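Residue-level structure breakdown
In case you want the letters, here they are:
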Amino acid sequence: EEIIDLERTHVVASKIPKITERCDYISFIDNQRTATFVNCALGLGYPIGRLFDLSFPPSFDKYFSLFVESNSPLINIPKMRYDDFKKMSKAKEYIESGLVRIYRDFESKKPRPRSKEEYVRIIIPPDELPRLRLTSKQSIVVNYLLLKGTAKVDELLNDLEDENVERSVLVQLKNKGIVKINDELIADEESGQLVRKLTEEQSKIVKSILEEIDGISVRSESLKHMVFGPTGSGKTEVYLDVIRHALNFGSVIYLVPEISLTEQTIARLRKHFPDVPIGVYHSYQTDAKRVEIWAKAVKGELGILVGPRSAFFVPMRNLKLVIVDEEHDEGYYNNSEPFYDVRKLLQYFPIPVIFGSATPHLETYKLAKDGIYQFHVLTKRFNVELPEVEIIDMRKEKKSTPSISKTLREEIESVLNDGMSALIFTRRKGFSRVQCAVCGYIAKCDNCDVSMTYHSDAGKLKCHLCGLEKPVPSVCPVCGSQIFTDKGTGTEKVERELRELFPGKNIGRIDAEIIDTPEKLKKVLEDLREGKLEIVTGTKMITKGLDIYRIGLVGIIDVDALIFYPDINAPLRTFQLLVQVIGRAGRKQKGKAVIQTYDPSNPVIIYASAQDVTGYYERELALRKELSYPPFADVVHVMYSNQSEEIARETIDAVYKDISNAEGLYIEILGPSEHPIFKVANKYRYQFFVKTVHSSRIVRLLNEIKTKYPGDWIVRLNPPEI
Ligand code: ADP
Ligand code: ZN
Ligand code: ZN
């Protein structure tokens, strides 16, 4: 595989041979060059274009223009547009003689010149200067300033033009705390922004991460860091200090799990780095906007790029650091084709990466514990205690409404009286399931093996799998009864019950049904932040990094079914979810959380209420080691579906046989069996699981076998749901 212009991608040439064994390459082509992209994640070998779509808007071509530049020292033609060049008298001659080259490049607008008068001066004592490690350009500037005292920025740049000193050198010195640039000096003092001192725990972490980053050589080992600490422990503050340092040497990508979290992050970054160009990249932007950001990133015009997983595929020039905030989030994992796992991709990148989470991915946690990553732990919240958690045993508890216990109601009342807000977590969207009160018939989807959910907004039954909508039956199709009850709990039902219990209060809802764009989420969160909403109920959408001081109480309703979902990851996933939801409470003063459960002695509930992440993880790791489950081995999930139940079964049996012949490649095969939700969208689903430490060979084998049996296949590696 030929690799060109690697400086422009994340990948460094010298590292590639080492990772070939685990990886396949994906090439993508832009009009000038071929860059190579390494798909370490799964080694599935995606065709060109698949990942390309992720990294580049489809209609990018129209954003390129032809440019001309001299190709020879004999003539002096600066870069100019081909259209302008053509008008010159000697244009044709130059082109034919090969004195100029014509190439395509991004059309970028010139940055606006800075109009402000800026001054720069040294702000550290002169006797500290000899101890500083400076690049040669930085020393030139420091020497210049020692002679001049305070200098006008424009004059300095002019005087030092022959030394190729650019403004960025001043910014580097500023970020190192050696010089101040004056209009910013005033800004600092006015807003008092930068007055903050890291705690001892925090500065220790920053220091040990910084040892890994220096501009010239990046050490290849232990470049990965896990920052593990409860929500509000100051992980972000740690990132900010490391970013400040990395910016001296190059650029930074800052990944967040959700588009809606980009703004919160950018606001914080802008405050800390007012001079650094910060870009955002995500799939809700227009093509033109994405191309603009992409081009800037490639050309090195951005200091920091913020975005969800798609931002990761932008080839930032001179990338020196990646932050993966909330690294456990499934947003970093693409569960449908093309499969990838940003978290895993980054494991093989030869630059420092900081993974941060209060509830890490179990594998990341293990890598950190085993010393493969550097493990940094923040033990407590900054200035605030973690919330107090109360477990409500619903078998004994009185209910105020079908889903809200007496205790939870009292807690909500009390937090509202304190002028704070309450967040109520509910497992599913919609209202409830509809059940015949006489014979117990539950309205099921015609196409799928699941019960339908009543949505009171639409007055209809909806299938959350295939989207089928049906009117609510007026008579039971089984016994003819006309009496129906509701069973189970959804966000709409909880919202209605809250309105009953707290008339006149402002109550909102966050679920995929009503929040279908990032803007809508932003609006609800703003209302919550400003106190316009007093109670909000929602699905797990409410857990994602939400940082709102006003939330004094978190209520958790109906979580038992999540723990018992037939899936080996279900308890861990529920645990993480609980810890995250609980963590939304009391970010300014101590908050409270209430968990309603019918199984109060379940370890998930116990550990989550103690917010003992380490304890639960150790228990889970021991269990999984026993069973050879991830992260101790891989699990390849193979599923085949067909409208004919018979064909589906025969096919899975045949493939199972082929795979089981490949002895030595697997530890154990579980199945084949029906999928727990057997029928979806009128197709029957069969599956089996391969536990293996040779997953890429198993996947390759499956890809061969698949060609013999065309149809609907799903092959997944360690999917979040197993
Ligand atoms: P996390 O990212 O772990 O959730 P944050 O970095 O957001 O935590 O910190 C939580 C709150 O505490 C924020 O308001 C942050 O500004 C504040 N904070 C954390 N560390 C410090 C510090 N050293 N000095 C001042 N404020 C801090
Ligand atoms: Zn009935
Ligand atoms: Zn359905």
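Residues numbered from 1 in each chain as written. Chains lettered and ligands numbered in written order. Predicted model: local features only at pLDDT ≥ 70, side-chain atom pairs only at ≥ 80, totals over all residues.

Glancing now at the overall build of the protein. The secondary structure content of the protein amounts to 23 helices and 32 strands. Burial statistics for the protein: of 722 residues in total, 39% are counted as buried. For the protein, the proportion of contacts with a sequence separation of at least 24, taken over those separated by at least 6, is 72%. (Helix = DSSP H or I, 4+ residues; strand = E, 2+ residues; numbered from the N terminus. Buried ≥ 20, exposed ≤ 12 C-beta atoms within 10 Å, placed from the backbone. Contact = placed C-beta atoms within 7 Å.)

Now for the site of ligand 1. For ligand 1, the set of nearby residues contains 14 residues, the closest of which are Gly 234, Lys 235, Thr 236, Glu 237 and Phe 382. With 3 residues, helix α10 (residues 235–246) is the largest single contributor of residues to the shell around ligand 1. Across the shell around ligand 1, the residue classes break down as 2 nonpolar, 8 polar and 4 charged. (Near = placed C-beta within 6 Å. Nonpolar A, V, L, I, M, F, W, Y, C, P; charged D, E, K, R; others polar.)

Once that is clear, we can look at the UniProt feature "binding site: Zn(2+) 2" (unreviewed entry) in the protein. The UniProt entry lists Cys 445, Cys 448, Cys 463 and Cys 466 under the feature "binding site: Zn(2+) 2" (unreviewed entry), expressed in the numbering used here. Sequence-wise these annotated residues cover 22 residues; spatially they are packed, their C-alpha atoms never more than 8.6 Å apart. Following the sequence through the fold, Cys 463 ends up in the loop between β22 (460–462) and β23 (469–471). Excluding its chain neighbours within four sequence positions, the residues that come into contact with Cys 463 are Cys 445, Asn 447, Cys 448, Val 450, Met 452 and Leu 468. Relative to the helices and strands, Cys 466 is located in the loop between β22 and β23. With 16 C-beta atoms counted inside 10 Å, the residue Cys 466 sits in the partly exposed group. When sequence neighbours within four positions are dropped, the list of residues in contact with Cys 466 reads Cys 445, Asn 447, Cys 448, Val 680 and Ala 681. (UniProt positions renumbered as here; feature names shortened; annotations may be inferred.)

To continue, consider the UniProt feature "binding site: Zn(2+) 1" (unreviewed entry) in the protein. UniProt feature "binding site: Zn(2+) 1" (unreviewed entry): in the numbering of this structure it lies at Cys 436, Cys 439, Cys 476 and Cys 479. Annotated residues spanning 44 residues; largest pairwise C-alpha distance 8.6 Å, indicating a single compact cluster. One can find Cys 476 in the loop between β23 and β24 (484–487). Discounting chain neighbours no more than four positions away, the residues touching Cys 476 are Cys 436, Val 438, Cys 439, Tyr 441 and Ser 481. Within the secondary structure, Cys 479 sits in the loop between β23 and β24.

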